[in-house]
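Secondary and tertiary structure notes
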Amino acid sequence: MAVEQPMGAPASQSGDQTRIHNIGYRAYDGPRLGRSYATRSLYSQSLRGAYGLGRSVKSKVLPMLLFVVMCVPAAIMVAVAVATKANDLPVDYTRYAIIMQAVISLYVASQAPQSVSRDLRFKTVPLYFSRPIETADYVRAKFAALASALFILTAAPLLVLYVGALLAKLDFADQTKGFAQGLVSVTLLSLLFAGIGLVIASITPRRGFGIAAVIAVLTISYGAVSTLQAIADAQSLGDGGGSSGAIAWIGLFSPVTLIDGVQSAFLGASSAFPGGVGPSNGVGVVYVLVTLGLIAAGYGLLMRRYKKVGL
């Protein structure tokens, strides 16, 4: 048996030099909060990060600026309605998000890559899955966080309009109904845009590529669909309205026009389609199914993506 030499003594040139040192590590014996707590923490962290909270000042500038840009026009409309003693608001609740769709698209393009691209770039996704959290928990937390951030962005100006309408003493029942319809509309919009943005951003770890791709999908698709609808509307005027039915079907190919079609068919909203005529109730059912299908497809594609990434 080897005899351990005192500290500071010169080591012997022969014999077993192996030593075991107790450096004070102790096992954790506190509460195990588990998988649900980890998922809620990831959701909370991602939601805060969508507005730059808990991050650098530079990270707060763009999301907070876009939030202000969303709310300022609503406040101006309220001020005009109060000052002129108008009988109604200048813009319907369901129309506001469609009018501000460029700001919403820019927000999605900036925050979807921030939510997932950095995890891919710095290869931290396997670290998440080394804890109790699983693939489905990660996807649900990220999806719910961005959808919640978008809902805050789009519902806040509606709340400004609603409070202002009540201060202007407009009809309570009409304003409450319109506000509720607007909330339903922006809920669908938030889920749809969050799914599309996260799927695109999860493809590449490069944040710049993700931003460009999200902007391209959301804005170019809307511009292309609007152009085709305008062409179809012009053609329908020439053939006595025979091509007017194509306008509604063309609207299925852009996220913005999808939401526009759903709310004009079932939420009593005025349509932004050429001629101001939205889809009929029958075509509106197709709009709803396509919208819900895209939301489900976005979730499914994210699950498939992160099952591979987490390996």
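Here, every reference points to the structure presented above.
This report concerns the structure included in the present document. (Residues numbered from 1 in each chain as written. Predicted model: local features only at pLDDT ≥ 70, side-chain atom pairs only at ≥ 80, totals over all residues. Heavy atoms only, no water.)

Focus: the overall build of the protein
- Counting secondary structure elements, the protein contains eleven helices and zero strands.
- Within the span of the protein, comprising 311 residues, buried residues form 42% of the whole.
- Taking the contacts inside the protein whose residues are at least 6 apart along the sequence as the reference set, 75% of them involve residues at least 24 apart.
- Just so you have it, the protein exposes about 16,600 Å², and 65% of that area is on carbon and sulfur atoms. (Helix = DSSP H or I, 4+ residues; strand = E, 2+ residues; numbered from the N terminus. Buried < 20%, exposed > 50% of the residue type's maximum accessible area, 1.4 Å probe, protein only. Contact = heavy atoms within 4.5 Å. Areas by Shrake-Rupley, 256 points an atom, 1.4 Å probe, with all protein chains shown as cover.)

So, the packing of aromatic side chains
- Taken as a whole and judged by the stated rule, the model has six aromatic pairs.
- When the ring of Tyr-51 is compared with that of Tyr-107, the centres are 5.6 Å apart and the planes differ by 40°; the resulting orientation is tilted. Placement of Tyr-51 in the loop between helix H1 (34-49) and helix H2 (57-84) and of Tyr-107 in helix H4 (residues 101-121) is noted, with a sequence separation of 56 residues between them. Note on accessibility: Tyr-51 and Tyr-107 belong to one class, buried.
- Taking 4.9 Å as the distance between ring centres and 50° as the angle between the ring planes, the aromatic pair formed by Tyr-138 and Tyr-306 counts as tilted. (Phe/Tyr/Trp six-rings, centres within 6.5 Å; stacked < 30°, edge-to-face > 60°.)

Focus: the packing of helix H6 (residues 135-167) against helix H11 (residues 281-309)
- One way to put it is that H6 packs onto H11 with a least axis distance of 9 Å and a crossing angle of 135°. For the element pair H6 / H11, the angle class is oblique. Seen along the crossing, H6 lies across H11 with a hand that is right-handed. For the pair H6 and H11, contact is made by Thr-135, Ala-136, Tyr-138, Val-139, Arg-140 and Phe-143 and by Ile-295, Gly-298, Tyr-299, Leu-302, Met-303, Tyr-306 and Lys-307, respectively.
- For the contact of H6 with H11, a count of residues per class yields nine nonpolar, two polar and two charged. (Axes fitted to C-alpha atoms, helices over the stretch in contact; angles between N-to-C directions. Parallel < 35°, antiparallel > 145°, perpendicular 65-115°, else oblique. Left-handed = near helix turned anticlockwise from the far one by under 90°. Nonpolar A, V, L, I, M, F, W, Y, C, P; charged D, E, K, R; others polar.)

Structural notes on the layout of surface pockets
- Taken as a whole, the largest pocket encloses approximately 290 Å³ of empty space.
- Forming the walls of the largest pocket are 17 residues, and the residues nearest its centre are Asp-88, Asp-92, Tyr-93, Asp-174 and Gly-178.
- Breaking the lining of the largest pocket down by element, the ones donating at least two residues are helix H3 (93-99) and helix H7 (172-201).
- Of the residues contributing to the lining of the largest pocket, the split by class is six nonpolar, six polar and five charged. (1 Å grid on protein atoms, 1.4 Å probe; cavity = no way out; pocket = protein on both sides within 12 Å on 5 of 7 lines; lining within 4 Å. Points joined across faces, edges and corners; volume = space filled by probe spheres on them.)

Section: the pattern of salt bridges
- Overall, the coordinates contain four salt bridges when judged by the stated rule.
- In this structure, Arg-35 and Glu-134 form a salt bridge, with 3.5 Å as the shortest nitrogen-oxygen distance. Residue Arg-35 is located in helix H1, and its partner Glu-134 is located in the loop between helix H5 (125-129) and H6; the two are separated by 99 residues in the primary sequence.
- Of the residues examined, Arg-35 reaches a relative accessible area of 35% and is grouped as partly exposed.
- Overall, Glu-134 belongs to the partly exposed group, its relative accessible area being 43%.
- Across the pair Asp-137 and Arg-140 runs a salt bridge, and its minimum N-O distance is 2.7 Å. (Salt bridge = Lys/Arg side-chain N within 4 Å of Asp/Glu carboxyl O.)

Thoughts on the packing of H1 against H6
- Following both chains from N to C, one finds H1 and H6 inclined at 35°, their axes separated by 8 Å at the closest point. For the pair H1 and H6, the crossing hand works out as right-handed. Together, Arg-35, Thr-39, Leu-42, Tyr-43, Ser-46 and Leu-47 of H1 and Asp-137, Tyr-138, Arg-140, Ala-141, Lys-142, Ala-144, Ala-145, Ser-148, Ala-149 and Ile-152 of H6 make up the contact between the two elements.
- Each residue belonging to the contact of H1 with H6 can be placed in one class, and the counts come to nine nonpolar, three polar and four charged.

Quick look at unusual backbone geometry
- The residue Lys-85 is not glycine, and still its phi comes out positive at about 55°.
- Within the secondary structure, Lys-85 is located in the loop between H2 and H3.
- Taking relative accessible area as the criterion, Lys-85 reaches 72% and is therefore assigned exposed.
- Located in the positive-phi region is Lys-169, a residue other than glycine, with phi close to 60°.
- A residue is classified by how much of its surface remains accessible, and Lys-169, at 76% relative accessible area, is exposed.

A few points about the nonpolar core
- In this structure, Leu-150, Leu-161, Phe-193 and Tyr-306 are the most contacted members of the largest nonpolar core, which totals 76 residues.
- If one sorts the elements of this core by residue count, H6 sits on top with 16 residues.
- Apart from residues lying up to four places away in sequence, Phe-193 is in contact with Ile-104, Ser-105, Val-108, Leu-150, Leu-218, Pro-255 and Val-256. (Core = buried A, V, L, I, M, F, W, Y, C linked by side-chain atoms within 4.5 Å.)

Re a negative patch on the surface
- Judged by side-chain charge, Asp-88, Asp-92, Asp-171 and Asp-174 come together as a negatively charged surface patch.
- Within the element layout of this structure, Asp-171 appears in the loop between H6 and H7.
- Asp-171 sits in the partly exposed class, given a relative accessible area of 43%. (Patch = residues over 30% accessible without salt bridge, like charges linked within 9 Å, V, L, I, M, F, W, Y side chains within 5 Å. Lys, Arg positive; Asp, Glu negative; His and termini not counted. Charge placed at Lys NZ, Arg CZ, Asp CG, Glu CD.)

That is the geometry; function is a separate question.
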